[in-house]
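Listed below, chain by chain, are the residues.
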Amino acid sequence: WPGDDHSKDIYSGNHGTLQGGMGYAAGKVGQAFSFDGFDDYVNAGSGANLNITGEITLDAWIKPSVVSGYGEFISKGDYQGGAGAFTYFFMIQEGKLRFGIKVGAAGDFVDSATTLSVGNLYHVTATFNPAIDDVVMLYINGALDATGTITTEPPSRPSDPLYIGALKNNSGTLNHFSGLVDE
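Now for a description of the structure that goes with this document. Residue positions are given per chain, counting from 1 as you read along its sequence in written order. Thresholds applied to this predicted model are a pLDDT of at least 70 for local features of residues and 80 or more for the giving and counting of side-chain atom pairs; totals over whole chains, interfaces and linings are not thresholded and use all residues. The side-chain figures draw on all heavy atoms in the structure; neither hydrogens nor water molecules are used.

## A word on the environment of Thr173
Link 1 in the chain: Numbering of helices and strands runs from the N terminus; a helix is a DSSP stretch of H or I covering at least four residues, while a strand is a stretch of E covering at least two. Within the secondary structure, Thr173 sits in strand E15 (residues 172-174).
Link 2 in the chain: Every residue pair with non-hydrogen atoms within 4.5 Å of one another is taken to be in contact. If we skip the residues at most four places from it in the chain, Thr173 touches Tyr41, Tyr163, Ala166, Leu167 and Lys168.
Link 3 in the chain: The definition of a polar contact used here is a pair of N or O atoms within 3.5 Å, where within protein one atom must be able to donate a hydrogen and the other to accept one, and adjacent residues in sequence count solely through side-chain atom pairs. Side chain to side chain, Thr173 and His176 meet in a polar contact 2.8 Å long.

Shown next as structure tokens:
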């Protein structure tokens, strides 16, 4: 999803649907998705190829306009008010980059050592391989920033959507990202 004035998936056909009146702005590569932090997100659907239950790498260029609170820029699943959660997520929480998995009441996450700043452009990557010691590695601008383990297995519920810019919560959304997400 390059965000170049459209929400098409140029790799595998999981074209997104813009929600909340969101728009585009100049990004790292062409245009980027521009999120207002209130109701904007991209619903990329629930294609079978998005049902990742093993090794995963998520990456994006982000330029946050808010780093306090919670801002999910990639999520897959449904939070369901917390207790029924079934999701993996990549987000900013209180200035830190966070990758996590939550299944039911159980959940694990890894936070960055670096605190992100408003208005800076970052290339962020999270890798997770449950087959190799459950290790998560977080990279910021190409440099390894933090490692940790997640023992919660990735959720497998094919009907849950992948969102860019928010987290699904029952029939609504929460943790809206404020800023730009590109490539």
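## Some details on the sheet that holds strand E10 (residues 122-129)
Link 1 in the chain: Each pair of strands is called paired provided DSSP finds at least two bridges between the two strands. Here we have seven strands laid out as an open sheet, ordered E2-E3-E16-E5-E10-E11-E12, and antiparallel in their pairing. Edge positions in the sheet fall to strand E2 (23-26) and strand E12 (143-149), since each has one partner strand and no second. Along the sheet, successive strands turn relative to each other by an average axial angle of 30°, direction set aside.
Link 2 in the chain: Sheet topology note: the E10/strand E11 (residues 135-140) ladder contains six bridges and is antiparallel. Only C-alpha atoms enter the line fits that serve as axes; for helices the fit covers just the stretch in contact. Angles between N-to-C directions range over 0 to 180 degrees.

## Some thoughts on the nonpolar core
Note on soluble globular proteins: their nonpolar side chains tend to be buried together.
Link 1 in the chain: In terms of nonpolar packing, the biggest core is built from 34 residues, with Ile62, Phe73, Phe90 and Phe99 touching the most fellow members.
Link 2 in the chain: Within the residue set of this core, elements represented by two or more residues are strand E3 (31-36), strand E5 (56-64), strand E6 (70-78), strand E7 (86-93), strand E8 (96-103), E10, E11 and strand E13 (162-164).
Link 3 in the chain: Aside from chain neighbours lying at most four places away, what touches Ile62 is Phe73, Ile92, Leu116, Asn120, Leu121, Tyr122, Val124, Phe177, Leu180 and Val181. By nonpolar core is meant a set of buried Ala, Val, Leu, Ile, Met, Phe, Trp, Tyr and Cys residues that side-chain atoms within 4.5 Å join together. Only protein chains enter the accessibility calculation, which uses a 1.4 Å probe; a residue is then buried when its area is under 20% of its type maximum, exposed when over 50%, and partly exposed in between.

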